[in-house]
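Understanding the architecture of this molecule
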Amino acid sequence: MACIPSKSEESAIEVSPENVSSENLEDFIRTLQTREGWSQPMVLYKNYWCRPHLVGKIILLQDIFKPRSSDIILATQPKCGTTWLKALAFTIINRSRYSFSDHPLLSSNPQYLVPFIEIPDPGRDHAYLETLPSPRLLSTHLPLSMLPSETSSCCCRIVYLCREPKDAFVSRWHFENKIVKGSNIELNKALDMFCEGFSPSGPFWNHCLEYWKESLVRPNEVLFLKYEGIKSHPEESVRQLAKFLGVPFTAEEESSGVAQEVVKLCSFENLTSLKVNQTGGVDHGNKIFVENSVFFRKGSVGDWANHMSEDMAEKLDRVVGEKLKGSGLAF
Ligand SMILES: Nc1ncnc2c1ncn2[C@@H]1O[C@H](COP(=O)(O)OS(=O)(=O)O)[C@@H](OP(=O)(O)O)[C@H]1O
């Protein structure tokens, strides 16, 4: 006979990720360490900082999201080039379906062409992901350790894009002050938080390291890219991406300049010139209205130098250097 706990025993049962349900989710979130400082409070869940409303979605994902071997997951930390990577991968994969002159990127923000698995497009729940035909092009800001374990065992492909930490930090700081009205976080304070590992999806270095290590173990399934690398060699990067995704450019495509076309279509200059990326936006709830233009700012390498003093830069370099020491990953 099943042992039914008495009321007092029931309340003594600790809510954990394993037994959390829609009924006790709020109780569970209340048990997590909370910290304020960025535009919204964050909680520490499985050693990473995230917005409280995301915790339920991440837990739900473990049961509902069924990775397929043909899936392609674009993984990034916020502000590391997600929008760009989405545009590039979408264009490469769908190049036989769409002409460059009548392309979905000309009328849709790249963010909404590739859904996040933890937060499918506003108004759509996780079940929506299961309705997508294979091969699915998906994205995530989650660390590798929070993806359902089948993501590794089913051998789907993951492309991870990281970015020089100072540029990622400055981009984050601008974004935080823009996205929530009235937010005015001081750069120095933001840097202290970032260096303590307290940033959305942070600690920054742990997120990078998880994917970096996996890319060394499973190079055919996990491709590790850097924003700066794509900036300095865009065509080579596009070729590398196409090959990794199993759709290398043919000799005919090479001679007709398809790689150059992909680079041009997805370039910062082109995307920011489009009306769709200058106007409109999406209501994400929780007082957050995300304007399409917010995903584009400078789009350059080294803009940190226009904001951070030498001391600030040294501090972040030192922290990141220590954390990555011995890993083979460096910026
Ligand atoms: N096409 C293209 N090429 C190069 N760079 C680009 C491109 N699109 C966006 N960006 C720059 O990427 C930064 C935004 O990062 P994310 O797209 O990861 O943002 S988000 O986390 O998804 O909100 C942000 O960087 P900063 O300009 O340094 O703030 C964007 O300007």
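Our structure's up above, just so we're on the same page.
Residues numbered from 1 in each chain as written. Predicted model: local features only at pLDDT ≥ 70, side-chain atom pairs only at ≥ 80, totals over all residues. Heavy atoms only, no water.

Points about the overall build of the protein
Scanning the protein from terminus to terminus reveals 15 helices and 9 strands. Projected onto its principal axes, the C-alpha positions of the protein cover 75 × 55 × 45 Å. For the protein, contacts bridging at least 24 residues in sequence account for 70% of all contacts bridging at least 6. Accessible surface computed for the protein: about 16100 Å², of which carbon and sulfur atoms make up 52%. Across the protein, the 36 positively charged side chains and the 41 negatively charged ones have centroids separated by 2 Å. (Helix = DSSP H or I, 4+ residues; strand = E, 2+ residues; numbered from the N terminus. Contact = heavy atoms within 4.5 Å. Areas by Shrake-Rupley, 256 points an atom, 1.4 Å probe, with all protein chains shown as cover. Lys, Arg positive; Asp, Glu negative; His and termini not counted. Charge placed at Lys NZ, Arg CZ, Asp CG, Glu CD.)

Points about the sheet that holds strand E6 (residues 157–162)
If you trace the 4 strands from one edge of the open sheet to the other, you get E5-E4-E6-E7, paired in parallel fashion. A single partner strand is all that each edge strand has here, and the edge strands are strand E5 (137–140) and strand E7 (222–226). Between one strand axis and the next, the sheet turns by 20° as a mean value, whatever way the strands run. The pairing of strand E4 (residues 72–76) with E5 spans 4 bridges and is parallel. Looking at the pairing, isoleucine 73 lines up with leucine 138 of E5. Those strands touched by helix H4 (residues 82–93) are E4, E5 and E6, and its axis lies near 160° from that of E4. Sheet contacts for helix H11 (residues 234–244): E6 and E7; angle to E7, the most-contacted strand, approximately 165°. (Pairing = 2+ DSSP bridges. Axes fitted to C-alpha atoms, helices over the stretch in contact; angles between N-to-C directions.)

Some points on empty space enclosed by the protein
By the definition in use, this model includes 1 cavity of 30 Å³ or more. If you add up the space inside the largest cavity, you get close to 70 Å³. What lines the largest cavity is simply Gln77, Pro78, Lys79, Cys80, Ala168, Arg172, Phe194, Ser199, Pro200 and Phe204. Its residues placed into classes, the lining of the largest cavity shows 6 nonpolar, 2 polar and 2 charged. (1 Å grid on protein atoms, 1.4 Å probe; cavity = no way out; pocket = protein on both sides within 12 Å on 5 of 7 lines; lining within 4 Å. Points joined across faces, edges and corners; volume = space filled by probe spheres on them. Nonpolar A, V, L, I, M, F, W, Y, C, P; charged D, E, K, R; others polar.)

So, the sheet that holds strand E3 (residues 48–50)
Taken together, the 3 strands give an open sheet; going across it, the order is E1-E2-E3, and neighbouring strands pair in antiparallel fashion. On the outer flanks of this sheet lie strand E1 (34–35) and E3, each paired with one strand and no other. Where strand E2 (residues 42–45) and E3 come together, 3 bridges link them in antiparallel fashion. Counted as the bridge partner of tyrosine 45 is tyrosine 48 from E3. Where helix H3 (residues 52–64) meets the sheet, it contacts E2 and E3, and its direction lies at approximately 35° from that of E2.

Quick look at the side chain of threonine 82
If you trace the backbone, threonine 82 turns up in helix H4. Residue classification places threonine 82 among the buried positions, given a relative accessible area of 8%. The contacts of threonine 82, once residues within four sequence positions are left out, are Thr76, Gln77, Gln111, Phe116 and His141. (Buried < 20%, exposed > 50% of the residue type's maximum accessible area, 1.4 Å probe, protein only.)

Section: the packing of aromatic side chains
According to the stated counting rule, one finds 10 aromatic pairs in the structure shown. A cation over an aromatic ring shows up here: lysine 79 above the ring of phenylalanine 175, its NZ or CZ 3.5 Å from the ring centre. Its end group placed over the ring of phenylalanine 331, lysine 226 keeps NZ or CZ at 5.3 Å from the ring centre. (Phe/Tyr/Trp six-rings, centres within 6.5 Å; stacked < 30°, edge-to-face > 60°. Lys NZ or Arg CZ within 6 Å of the ring centre and 35° of its normal.)

Brief notes about the layout of surface pockets
Approximately 400 Å³ is the volume attributed to the second largest pocket. As for the second largest pocket, its lining consists of 19 residues, of which Phe90, Asn94, Arg97, Pro135 and Leu137 are closest to the centre. Considering only residue class, the lining of the second largest pocket consists of 13 nonpolar, 2 polar and 4 charged.

Re the site of the ligand
The environment of the ligand is formed by 21 residues, the closest being Thr82, Thr83, Ser171, Tyr227 and Lys298. In the environment of the ligand, an oxygen atom lies 2.7 Å from a nitrogen or oxygen atom belonging to the side chain of serine 171. Within the side chain of tyrosine 227, one N or O atom sits 2.7 Å away from a nitrogen atom of the ligand. Protein contact buries 97% of the 640 Å² of open area that the ligand shows by itself. When residues of the shell around the ligand are traced back to their parent elements, those giving at least two are H4 and helix H14 (268–273). If you tally residues by element for the shell around the ligand, the top one is H4, at 3 residues. The class makeup of the residues in the shell around the ligand is 9 nonpolar, 8 polar and 4 charged. (Near = heavy atom within 4 Å. Polar contact = N/O pair within 3.5 Å; in protein donor to acceptor, adjacent residues only side chain to side chain.)

Considerations on H4
For H4, spanning 12 residues, the distance from its first C-alpha to its last is 16 Å, which sits close to the expected 16 Å at 1.5 Å a residue. A large share of H4 lies buried, amounting to 11 of its 12 residues. (Expected span 1.5 Å × (residues − 1).)

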